[in-house]
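Examination of the molecular architecture
Residue-level listing of the chains:
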Amino acid sequence: MLSLNDPMIKRSIIMDHYENPRNKGLVDDPRYLKVNMNSESCIDDIDIQILIENNIIKDFRFDGVGCTISTASTSILSELVIGCSVEEAYQIIKEYDNMIKEEPFNSDLLQEAVVFKDVSKQANRIKCAMIGFNGLLELLDSLKG
Amino acid sequence: MLDINKIRKEFPMLDNKTMQDHPLVYFDNAATSLKPSCVIEAMNDYYYNFNSNVHRGDYDLAAKADKTYESTREIVAKFINCSNNEVVFTSGTTQSLNLVAFGYALNNLKENDEIILNEAEHASNILPWYEIANKLKLKIVFAPLNSLGEVDISSLEKLINEKTKIISIAYVSNVLGSTNDIKTITKIAHNHNIVVVVDAAQAVPHKKVDVKDLDCDFLAFSGHKLCGPTGIGVLYGKYDLLCKTSSMQLGGGMNAKFDSCQNMLLKKPPYKFEGGTPAIAEVIGLAQAINYLNNIGMDDIESYEKELKHYAINKLKELDNIEIYNENNDSGIIAFNIKNVFCQDAGSYFNSQGIAVRSGHHCAKLLPNFLNVIGTVRASLYFYNTKEEIDRFVEVCKHGGDFLDAFFK
């Protein structure tokens, strides 16, 4: 597991995902579910697409404008959930939410996403750190009808 | 010459406050100003010593409340040089502009009429117009900006035609701090019988504003940006135009009489706009704030802010990692970015260093088209800020590339 005590490693992970975001760029495919997310506390404006087949998240794409925290967290989320079942994705979102709220969480499930553990030090960036997770939650909830 | 040390002692928020374990540097004055003790105490005095409603009491306390409330109208009128009955109390600039759009324009404009705005305007001077344009099928036209971000007068003139009915424009832009030439614009507009609405939220706190000299038809500003309380603002309107403006607030205190046949007779302006119990404490606080500014002197405030702005710009220009978007205007607003740092990341970084600035699009969501950036950081100064605070700010700017420090302290 990633050390929570090494700020330099955490910083380099955030910058790497900010400068080289994974799964960025939307696809023109009607099978994808799509949501637009924007934050009240930031000028983040991000579109998220997911492709679900047989209860498995086959793909997660995002694009738009965002600060370092929103871009990097959404990029890390995309890598975390591709290949997961819907239920596993819900669990990841829940653990992440716990971490941001400074409650006990399962760091093994969050992998690189633990770099955002201290985001609450900057209250205005909490929504940025949640934007991708909240978007995914909205898309997964929409499947329930 | 301002006695800054004395002034700073009058603001509780400037008394050794810290943010993220650093001394607080408050550079978000374009969003809201800090309040001196005299304003807070004046409001407390009302609640502690003569709490009662205005306009309707037969007892001494109410008479005192009424007198103090109404005397504010006179203080405001003198402050902007108009008559007492041309001062309407609102909740702020937003409500003032909405009152012009929904109270005046909705009742006096017709299909295909045109309203001229510009891309530097705050949401509160765009969205009410969009809404009534949709209702009445009006056309909204955007006047081009010059390189300083001011509305270009000759281009504006070319947009005017016989259908143009309103020009609504900020005196000072809340993002760029650029100042529009309102006097020239009203002169041109009045040759074509066009009504000029001025959003003066960023002007009235910082310089002498004289509505007669400007000859504007409506002018809106807020109390909380000029050391007054939140929840109180002013709409100035020429009296004949206020008479043509409908009230958005019908109820107690604004009617003269009504009967069961749906007849109602409203009071005259400004009272017909002020239905319901008004923000009495806030109005009293506003009076104190204006008295406070008058005692310091609006001209001195303006020249000191200009000095601070130029001091800051010269210092910032020595740094090679700062991009400034408005170095050539005199208002205390500095619009900038730290190169290669997203504006809101910079905002968090400044917070982590105890410096309060704004980042984003500052409610002027059309302006990025003009600046060609997604957003900016805005440091906005007021007369209680100091060169020492600017030095600290510039020092923090130098290290802006380390913005992730904000999360790993």
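Refer to the structure presented above.
Reference entry: report on the structure contained in this document. (Residues numbered from 1 in each chain as written. Chains lettered and ligands numbered in written order. Predicted model: local features only at pLDDT ≥ 70, side-chain atom pairs only at ≥ 80, totals over all residues. Heavy atoms only, no water.)

All names here are of chain B. Counting residues in hydrophobic clusters, the biggest one holds 152 residues, and the most contacted among them are Leu219, Phe350, Phe383 and Phe393. Sort the elements by how many residues they give to this core and helix 10 (residues 280-296) lands first, with 10 residues. Counting only domains with at least three residues in this core, you end up with domain 1 (4-31 + 297-404) and domain 2 (40-294). For phenylalanine 350, the contacting residues outside a window of four places in its chain are Phe336, Ile338, Ile355, Val357, Val377, Phe393, Val396 and Cys397. (Core = buried A, V, L, I, M, F, W, Y, C linked by side-chain atoms within 4.5 Å. Buried < 20%, exposed > 50% of the residue type's maximum accessible area, 1.4 Å probe, protein only. Helix = DSSP H or I, 4+ residues; strand = E, 2+ residues; numbered from the N terminus. Domains from an automatic or database assignment. Contact = heavy atoms within 4.5 Å.)

This part is about the sheet that holds strand 1 (residues 33-38) of chain A. Residue and element names in this part refer to chain A. Pairing is antiparallel in the open sheet, where 3 strands are placed in the order 1-2-3. Each edge of the sheet is formed by a strand with only one pairing partner; in this case those strands are strand 1 and strand 3 (56-65). Sheet twist, expressed as the mean angle between neighbouring strand axes with direction ignored, is 20 degrees. When strand 1 meets strand 2 (residues 45-53), the two strands line up antiparallel, connected through 6 bridges. Bridged to asparagine 36 within strand 2 is aspartate 47. The strands that helix 2 (residues 68-81) touches are strand 2 and strand 3; relative to strand 3, the one it contacts most, it runs at about 165 degrees. (Pairing = 2+ DSSP bridges. Axes fitted to C-alpha atoms, helices over the stretch in contact; angles between N-to-C directions.)

It is worth spelling out the side chain of threonine 90 of chain B at this point. All names here are of chain B. Checked against the element boundaries, threonine 90 lands in strand 4 (residues 87-90). At 2.8 Å, the side chain of threonine 90 and the side chain of serine 96 are in polar contact. Among all residues touching threonine 90, those that are not within four sequence positions of it are Gln95, Ser96, Gly231, Ile232, Gly233, Val234 and Leu235. (Polar contact = N/O pair within 3.5 Å; in protein donor to acceptor, adjacent residues only side chain to side chain.)

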